[in-house]
Amino acid sequence: MDVLAALLPPAGLLVLFLLLMRSILHADRRERAAAARARAEHEQEKAPHDGAPS
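Because the structure is a prediction, the values reported are computed rather than measured. (Residues numbered from 1 in each chain as written. Predicted model: local features only at pLDDT ≥ 70, side-chain atom pairs only at ≥ 80, totals over all residues. Heavy atoms only, no water.)

Quick look at the overall build of the protein now. The number of helices and strands found in the protein is 1 helix and 0 strands. Evaluated residue by residue, the protein yields a buried proportion of 0% over its 54 residues. Accessible area for the protein stands at about 5,300 Å²; split by element, carbon and sulfur atoms hold 66% of it. (Helix = DSSP H or I, 4+ residues; strand = E, 2+ residues; numbered from the N terminus. Buried < 20%, exposed > 50% of the residue type's maximum accessible area, 1.4 Å probe, protein only. Areas by Shrake-Rupley, 256 points an atom, 1.4 Å probe, with all protein chains shown as cover.)

Below you can see the structure in the form of structure tokens.
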């Protein structure tokens, strides 16, 4: 029982660390996707729309 009590705090910290890292990685993935969408929209605005001379 003493071993379990000694291992519980580090195990709890490990779980918190893993949740934090997961959250950071998901936020990074969402940010990169949003930046790619914004970049694509910007490139689309710069390109000629219908090919007609302006």
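A cluster of nonpolar side chains, contributed by L14, F17, L18, L20, M21 and I24, occupies part of the molecular surface with about 560 Å² of accessible area. Within the secondary structure, L20 sits in helix α1 (residues 2–46). A relative accessible area of 48% means that L20 is categorised as partly exposed. (Patch = residues over 30% accessible without salt bridge, like charges linked within 9 Å, V, L, I, M, F, W, Y side chains within 5 Å. Salt bridge = Lys/Arg side-chain N within 4 Å of Asp/Glu carboxyl O.)

Before going further, it helps to spend a moment on the pattern of salt bridges. In the structure shown here, the tally under the stated rule is 1 salt bridge. We note a salt bridge from R32 to D28, for which the minimum N-O separation is 2.9 Å. Within this pair, R32 and its partner D28 are both found in helix α1, separated by 4 residues, close to a single helical turn. By relative accessible area, which is 59% here, R32 ends up exposed.

The analysis is restricted to geometry; functional conclusions fall outside its scope.
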